[in-house]
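Inside the fold
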Amino acid sequence: MRQLLYVYVILCSLRLAHPFCPSQCTCVFHGRTDGAGTRSVVCNDPDMSDIPVNVPVDTVKLRIEKTMVRRIPTEAFYYLAELRYLWITYNSITSVDSAGFYNLKMLHELRLDGNMISVFPWESLKETPMLRTLDLHNNRITNVPNEAIPYLYNITYLDLSSNKLATLPSDLMDIWPPFNGAPIFANASQKVVLGLQDNPWFCDCKISKLIELSKMSGMPVVLMDLFMACSAPENLAGVPFQRAELDNCVKPSVMSSATKITSSLGSNVILRCDATGFPTPSLSWVKSDGTLVDNTVQESPGDGSRWSIMSLHGVSFKDAGNYNCKAKNYAGNAEATISVSVAGAISTTIVPLRLSTETEPTEQGTTVIPPTDTPNPPTIITTVLPRTSTTSAVPKRPKTTTSSNLQKGPLKQAKPQPGGNGRELAADEKSKIIDKSKSVKDLKVVEETTDTAVLLWRADGLPNDAPLTVVYSPYDEDDMKSTVETKAGSGKVLLEGLSSGTRYSVCLILKGSAAGKDPCTEFYTLDNVEDGENNKLFILISGIACILVLSLIALLVYKIIDLYFKGHNTEFDEEELEKDSYVKFETISMKQRNLNSQPTQLWARRPTEESERMLLCSRSSLDSQMTSKSDSSRCEYLC
């Protein structure tokens, strides 16, 4: 009985240990003769609305197809650490959580085609370092941001076809040949396949690299469809990529002021490069070790061009090396290299701190070796000062040690004084520095113009090849300093690029001079005469125009007033004319002759009606002379 109980417990344990398959899925185990195998799970129930959570943990391939699943939640596949193939195709997925693929370290293939994803969380791919295939075909993706680029370096199959992409970041194509600078092999076994067809591409300079890639052959990057076409702008709509010619899209080109510069130790170095291209390229300076250089200034004088200046103040051996000026725009990249070498000499004096009670001072020596990577190693001299003793013993001549590549020859030593110390030597050196600074005299500025000036000086006691640095800037604007390197023997230097009508401060710096002891002076540049003449001419023309306008206004006012008064006079004249223009017509008729009537009363006047006057006036001259014969009377009509 006890044995049967043991068998029953063992059978139950084996049953519980057997992986459980979700009810809406089909689990298939692909075993081998050695007992090992892989498990694949297929879930295609149309009524499934959520990602199954009880999938066997040893699943290698999971397919969720043609279901009602709408989203991929956080850590949806956390327990499937051995999953290599994940297909979630032709569902209704609209959103994917940024941690949806957490713990899928072994995932090799991710297919999400046939869904309704409009925004894909590209940062979720950081949990899939082994991912090589990414299929987002037939979705609603409208944008691929620059933040997605770091997660696509290892992708060898990327399908973004049948989406709503109008453009791509220009830097995306730089991760693949030929734009990443990697050597191209025609028979390369590793190919990168890109599916970008069936998108409404806006053909401008942003996708110029993609258009250029479609025209290449034998590249390690293969496009699924070589006959992609532009959808916009209007002049390129329907034009295939292979025939598209983009306007205002030119790769940058860089030109540097020099390719190799050798500068003395402690001097100032200015490097410049100019770039052209369209759109206007951006410029950056990078050292040979890849570090960016910050102390730069750049400006664009116009569309399609830009220049940049990098300055190195007080160069040392660590500043030697190659500096790359890089230009970049949507159409491509370009760079120019400038090699900087540092040459000079270092002299060190070692003063002992401890006093010796011996009659003979001890000797101490050091050897300074310059960096081996500098093109022109400087001459470095090390001088050893002897230790002084408390007795009046004569010290021995100190030894001087130099490297094998250093300058050889006797060195002139300073004679030590009894009871002296290193402070006296430092004071002597300081006095020498002050003497050097005082040796530059009569600093003045002559021949000032609107944009130039000539600086003169007199150097007493200095060698002609002693290096000098001229530092000048607008007054109280130290951040706009400019420098000019010259020699003490030249006696003058031309200052260029000045602003008209501006107060400037200029100093002459001697290498190794004490701080605050450099001679300085101030000057003013002339005002721009042409600008003044133009201003005077403008004022004169404006005055004449104002006079003409005022005269015209006065004339118009006068005419208006004159017409106003003439209007009143006209009304008065018309009234008088009406009174004087009408002629009073009367009819002269003959009275009946009576016997008792007086001869003087033979004719009589009577008023004429308006109608009669009109009738009389309308008669012609011939009608007016008609007479009517009558036995008793005769009438005349006069007008």
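Residues numbered from 1 in each chain as written. Predicted model: local features only at pLDDT ≥ 70, side-chain atom pairs only at ≥ 80, totals over all residues. Heavy atoms only, no water.

**With respect to the environment of Val96**
The following threshold applies: Note on conventions: DSSP H or I runs of at least 4 residues are helices, E runs of at least 2 residues are strands, and numbering of each starts at the N terminus. When a residue's accessible area, from a 1.4 Å probe over protein chains only, is under 20% of the maximum for its type it is buried; when over 50% it is exposed; and in between it is partly exposed. When checking whether two residues touch, look at their non-hydrogen atoms; a contact exists if any pair is within 4.5 Å.
Along the chain, Val96 turns up in strand S6 (residues 95–96). You can call Val96 buried: its relative accessible area is 11%. A C-alpha to C-alpha distance of 8.9 Å links Val96 and Ser124, two positions 28 residues apart in sequence. Residues contacting Val96, with those up to four places away along its chain left out, are Ile72, Phe101, Ile117 and Pro121.

**So, a negative patch on the surface**
The cut-off we apply is this: Residues enter patches when their relative accessible area tops 30% and they take part in no salt bridge; the joining distance is 9 Å for like charges and 5 Å for the nonpolar side chains Val, Leu, Ile, Met, Phe, Trp and Tyr. To measure how exposed things are, a 1.4 Å probe is used in the Shrake-Rupley method; for residues, cover is taken only from the protein chains shown. Definition used for salt bridges: Asp or Glu carboxyl oxygen within 4 Å of a side-chain nitrogen of Lys or Arg. This count recognises Lys and Arg as positive and Asp and Glu as negative, with His and chain-terminal groups excluded. In plain terms, the charge of a residue is placed at NZ if it is Lys, CZ if Arg, CG if Asp and CD if Glu.
On the surface, Asp476, Glu477, Asp478 and Asp479 cluster together to form a negatively charged patch. Tracing the backbone through its elements, the reader meets Asp478 in the loop between strand S24 (467–474) and strand S25 (482–487). Owing to a relative accessible area of 55%, Asp478 belongs among the exposed residues under this scheme.

**Re a nonpolar patch on the surface**
A grouping of Val549, Leu550, Ile553, Val557, Ile561, Tyr564 and Phe565 is seen on the molecular surface, where their side chains present a nonpolar patch of about 700 Å² in accessible area. The topology assignment puts Tyr564 in helix H4 (residues 529–581). Taking relative accessible area as the criterion, Tyr564 reaches 53% and is therefore assigned exposed.

**Here's the deal with the confidence of the model for the protein**
Residues shown with low pLDDT carry predicted positions that ought not to be read at fine detail. Put simply, the test is: Each residue carries a pLDDT value, the predictor's own confidence for that position, ranging from 0 to 100.
Taken residue by residue, the protein gives an average pLDDT of 76. The fraction at 70 or more is 67%. In this model residues 9–18 is a low-confidence stretch, pLDDT under 50, and it forms zero contacts with partners more than four residues away in sequence or in other chains. Across residues 627–639 the pLDDT falls below 50, and counting only partners more than four positions away or on other chains, this stretch makes 13 contacts in the model.

**What about the sheet that holds strand S16 (residues 296–302)?**
Strand pairing within a sheet occurs via backbone hydrogen bonds; the two strands may be parallel or antiparallel. Selection criterion: Strands pair, by our definition, only if DSSP identifies at least two bridges between them. Between N-to-C directions, angles cover 0 to 180 degrees, with each direction set by a line fitted to C-alpha atoms, over the stretch in contact for helices.
What the four strands build is an open sheet, ordered S12-S14-S17-S16; its pairing is antiparallel. Each of the sheet's edge strands pairs with one partner strand only, and the pair in question is strand S12 (250–256) and S16. Neighbour to neighbour, the strand axes of the sheet diverge by 20° on average, direction disregarded. For S12 and strand S14 (residues 269–278), the ladder comprises five bridges, and the chain directions are antiparallel. Across the sheet, the residue bridging to Ser256 is Cys273, located in S14.

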